[in-house]
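Geometric and topological summary
Here's the letter readout for the chains.
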Amino acid sequence: MTIRTFKTGESRDQASLLPSRIEDYVEPDNPVRAIESFVCALDLAELGFRHAERGAEAMGQPPYDPADLSKLYLYGYINQIRSSRRLEREASRNLELIWLLKNLKPGYRTIANFRKENWKALKAVNRNFVLLARQLGLVGGSVVAIDGSFFRGDASKASIFTRKRLAEQIARLDKEIEAYGKSLEANDAAEAKEPRTDRTDGGGDGSDIGARVSALMAQRSRAAADLDRLEASGETQLSKTDPDARLLVKSGQGIAGYNVQTAVDDKHKLIVASEVVNDSSDVGQLHAMAKAAKDVLEAEVLQALADEGYYSSLELKACEDDGIKAYVPVPEGNGQLEKKGRFSLKDFSYDVAADAYRCPAGKLLHPMKGRFQNTSGRTESRYASSTTICRRCRLRARCLSPKASRRTIGRWEHEDVLERHRVRMQGADELMRRRSAIVEHPFGTLKCRAGYRHFLVRGFNKVRGEWSLMALCYNFTRVLNILGLERFVARIAKAFRSLLSALIAAINSIQQTFWANITLSLSIRRLGHSPLG
Ligand code: SF4
């Protein structure tokens, strides 16, 4: 037996027999086969992929099949390879990719352009996968949790300007220009006092200061033009690198990027709906996300769970109108009145029969005449207590401010929506505990496991395309883990067969109706020519 210090590889000069078929490069249970079967089952033309409908008779150099580039991206995002240059490299050396692409080696520009040009189609694939998961019974379809998370954009914080920042920049530049102007004047005055001699050193004429002042003036006019652009756009921020990225701030932490909103189904924590926005606040996103989830799940009634950052009376009303039961904790507010030991709205109860509020002293606050618009634009009725009663009330100090003579309360015209929501929330502790476990799973997996904390592309369309790939790769991996490769491939084939048979049945029924109509119209025509007609 030969004694070796270390394991040694084969000599590079030794002739060897590599598998002669590309098929032998990957094992039968390799997950890359799941990507192949999924993408092959997609109707890429219907999903809107560019070149998907190109006929064989088309002239010129044929493009890459969108199916091959979709497989490349899906493989890449599942394996944390996102940049087009890295994908190009891997396509040449990675045996799984050589198998998947049948040894095609697209260049990085082709790869990058595919992601750029097909952002809508990639979104549609994502939706298609959710429909497939629903068909496979992997989606509960009755409870979703909604949440948002910040992702860094391809822009720095320094490249994004607010009005305040631009105004400060202009003020600073003005000061600098003024200081340089003064020093130029001082220079001139000093020169005027000096006896006139021929200077040979070339200095002291202020030319370097003049150049600096010109540079500052140019900077100032750029900043002023940016401020004009920002004001004309009606936006609050101007981003110079990525036009759609914004400075987003939450809990004192700021980033330059996007806010990704997701609705996650509670059964297997699959992302069923998502959107990329560029607003720090989640207020205003509840209804849009819950409605998108309800549509894709085709649910009659949907329970939507969200944290208190989503609380908005208008959003709760919109949800209720669309058959969505929203569960959002009511924000405590800053509790200023409670802190001062005074009664807050919670201490007043509404009496439906009397259409009046009852105060802690048991007295009624009656409706005032007319309707009012509050600061957030809601129309409300106001209820006021009696000045005479309040004057004699022993609780007056805890109820009224020192200058007030009576208490008034505003009631939104759809306050009943909020009352039903408050009642719903009283028994929702268990649901709210589940909320964070459901919705934080996808973000945790994508950000911590895959390391996807930022976007590589710029602008809403491309960013939304990239997010679709991230969400698809999360859902795809999750479904593959739940089913296993064999069941995944078999069930995908079955699901698409049933979609196909539904399609064929629809076509047959259209054909039957068509022929029935033709026969009917011929019979009518024949009747028209008969002697009885
Ligand atoms: S001050 Fe007026 S509104 Fe307040 S508790 Fe007394 S009676 Fe009621």
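The rules behind the values
Along every chain, residues carry numbers that run from 1 in the direction the sequence is written. Side-chain atom pairs in this predicted model are given and counted only at pLDDT of 80 or more, local residue features only at pLDDT of at least 70, and totals for whole chains, interfaces and linings cover all residues. Values reported for side chains reflect all heavy atoms of the structure, with hydrogen atoms and water molecules removed beforehand. Secondary structure elements follow DSSP: runs of H or I no shorter than four residues count as helices, runs of E no shorter than two count as strands, and numbering proceeds from the N terminus. Buried, partly exposed and exposed residues are distinguished by accessible area as a fraction of the type maximum, computed with a 1.4 Å probe on protein chains only: under 20%, between the cut-offs, and over 50%, respectively. Contact definition: two residues touch when any of their heavy atoms are within 4.5 Å. Per-residue and other accessible areas follow the Shrake-Rupley method at a 1.4 Å probe size, with only the shown protein chains counted as cover for residues. Side-chain rings of Phe, Tyr and Trp (the six-membered ring for Trp) are treated as a pair once their centres are within 6.5 Å; stacked means planes under 30 degrees apart, edge-to-face means over 60, and tilted covers the remaining angles. Each ring is checked for a lysine NZ or an arginine CZ that lies within 6 Å of its centre and within 35 degrees of its normal; such an atom marks a charge sitting over the ring. Polar contact is the term for a pair of N or O atoms within 3.5 Å; when the atoms are in protein, one must be able to donate a hydrogen and the other to accept it, and sequence-neighboring residues count only if both atoms are side-chain atoms. Working definition: the arc comes from the directions between the helix axis and the C-beta atoms, pointing outward to the latter. By convention a nonpolar core is built from buried Ala, Val, Leu, Ile, Met, Phe, Trp, Tyr and Cys residues, the set being connected through side-chain atoms within 4.5 Å. Being near a molecule or strand, for a residue, comes down to having at least one heavy atom within 4 Å of it. Residue polarity is assigned by list, with Asp, Glu, Lys and Arg as charged and Ala, Val, Leu, Ile, Met, Phe, Trp, Tyr, Cys and Pro as nonpolar; anything else, Gly included, falls into the polar class. Across the chain, each position has a pLDDT score giving the predictor's confidence in that residue, from 0 to 100. The span you would expect from a helix comes to 1.5 Å times its residue count less one. Whether two strands pair depends on DSSP finding at least two bridges between them. When the strands point away from the viewer and the path from the first strand over the helix to the second turns clockwise, the crossover is right-handed. The rule for a salt bridge is simple: a side-chain nitrogen of Lys or Arg has to be within 4 Å of a carboxyl oxygen of Asp or Glu. Axis geometry follows a simple rule: fit a line to the C-alpha atoms, using only the stretch in contact for helices, then measure angles between N-to-C directions, giving values from 0 to 180 degrees. By the definition adopted for this analysis, an angle is roughly parallel if under 35 degrees, roughly antiparallel if over 145, roughly perpendicular if from 65 to 115, and oblique otherwise.

Comments concerning the overall build of the protein
Counting its regular elements, the protein contains 18 helices and 14 strands. The proportion of buried residues among the 533 residues of the protein is 39%. Considering only intrachain contacts with a sequence separation of at least 6, the fraction spanning at least 24 residues in the protein is 69%. Working note: accessible area of the protein is about 30,900 Å², and carbon and sulfur atoms make up 52% of it.

What to know about the packing of aromatic side chains
Under the counting rule described, the total for this entry stands at 16 aromatic pairs. Among the aromatic residues, those joined into a ring-pair cluster are Phe 151, Tyr 258, Phe 443, Phe 455, Phe 460 and Trp 467. Its end group placed over the ring of Phe 161, Arg 165 keeps NZ or CZ at 4.6 Å from the ring centre.

A few points about the environment of Tyr 383
Among the structural elements, Tyr 383 can be located in strand 13 (residues 379-384). Between the alpha carbons of Tyr 383 and Pro 367 there is a distance of 4.2 Å; along the sequence they are 16 residues apart. Polar side-chain contacts of Tyr 383 include one of 2.6 Å to the side chain of Asp 355.

With respect to helix 6 (residues 108-117)
For helix 6, every residue scored as buried is listed here: Ile 111, Phe 114 and Arg 115. Along the axis of helix 6, the buried positions cluster into a sector of 95 degrees, meaning they face one direction only. On its buried side, helix 6 packs onto helix 3 (66-78), helix 4 (84-93), helix 7 (119-135) and helix 17 (460-483).

Section: the nonpolar core
Among the nonpolar cores identified, the biggest contains 106 residues, and Phe 38, Ile 146, Val 272, Leu 286, Trp 467, Phe 476 and Phe 488 are the most heavily contacted of them. Per element, the largest residue contribution to this core is 13 residues, and it comes from helix 17. Counting eleven residues, the second largest nonpolar core, distinct from the first, contains Leu 365, Tyr 383, Cys 399 and Ile 409.

Some points on the site of the ligand
Close to the ligand lie Cys 359, Ala 361, Lys 363, Ser 385, Ile 389, Cys 390, Cys 393, Arg 396, Cys 399 and Arg 407. Where the shell around the ligand is concerned, the elements lending two or more residues are helix 13 (387-392) and helix 14 (396-399). Considered class by class, the residues forming the shell around the ligand number six nonpolar, one polar and three charged.

Notes on unusual backbone geometry
One non-glycine residue, Asn 103, lies in positive phi territory at about 70 degrees. Structurally, Asn 103 is set in the loop between helix 5 (95-100) and helix 6. For Ser 251, which is not glycine, the phi dihedral falls at a positive 50 degrees. Position of Ser 251 relative to the elements: it lies in the loop between strand 4 (246-250) and strand 5 (253-265).

Focus on the confidence of the model for the protein
Confidence in the prediction of the protein, expressed as mean pLDDT, is 87, and 89% of residues score 70 or more. In this model, residues 526-533 is a region of pLDDT below 50 whose contacts with residues beyond four sequence positions or in other chains number one contact.

Quick notes on helix 10 (residues 286-297)
Over its twelve residues, helix 10 runs 16 Å from end to end, which matches the ideal 16 Å to within 8%, given 1.5 Å per residue. Within the span of helix 10, buried status applies to Leu 286, Met 289, Ala 290, Ala 293, Lys 294, Val 296 and Leu 297. Just downstream of helix 10, Glu 298 is the residue with a positive phi angle, here 50 degrees.

Focus: the side chain of Ser 468
Structurally, Ser 468 can be placed in helix 17. With a relative accessible area of 2%, Ser 468 lands in the buried category. Among the polar contacts listed, one links the side chain of Ser 468 to the backbone oxygen of Arg 464, at a separation of 2.9 Å. When near neighbours in sequence (up to four residues on either side) are disregarded, Ser 468 contacts Leu 122, Lys 123 and Asn 126.

Some details on the pairing of strand 8 (residues 324-327)
Relative to strand 8, strand 7 (residues 302-305) is paired through four bridges, and the arrangement is parallel. Opposite Leu 302, over in strand 8, you have Ile 324 as the bridge partner. For the crossover from strand 7 across helix 11 (residues 313-321) to strand 8, the handedness is right-handed.

Looking at the pattern of salt bridges
A complete count under the given rule lists 34 salt bridges for this structure. Residues Lys 71 and Asp 68 are paired through a salt bridge, measuring 3.7 Å at the closest nitrogen-oxygen approach. Of the two residues, Lys 71 and Asp 68 both sit in helix 3, three residues apart, roughly one turn of that helix. Both residues of the pair, Lys 71 and Asp 68, count as buried.

Let's talk about the packing of helix 16 (residues 429-449) against helix 17
Two elements in contact, helix 16 and helix 17, have axes whose closest approach is 11 Å; the angle formed by their N-to-C orientations is 105 degrees. Judged by the angle between their axes, helix 16 and helix 17 are roughly perpendicular. Contacts between helix 16 and helix 17 involve His 441, Pro 442, Phe 443, Thr 445, Leu 446 and Arg 449 from the first element and Trp 467, Met 470, Tyr 474, Thr 477 and Arg 478 from the second. Class assignment of the residues belonging to the contact of helix 16 with helix 17 gives a composition of six nonpolar, three polar and two charged.

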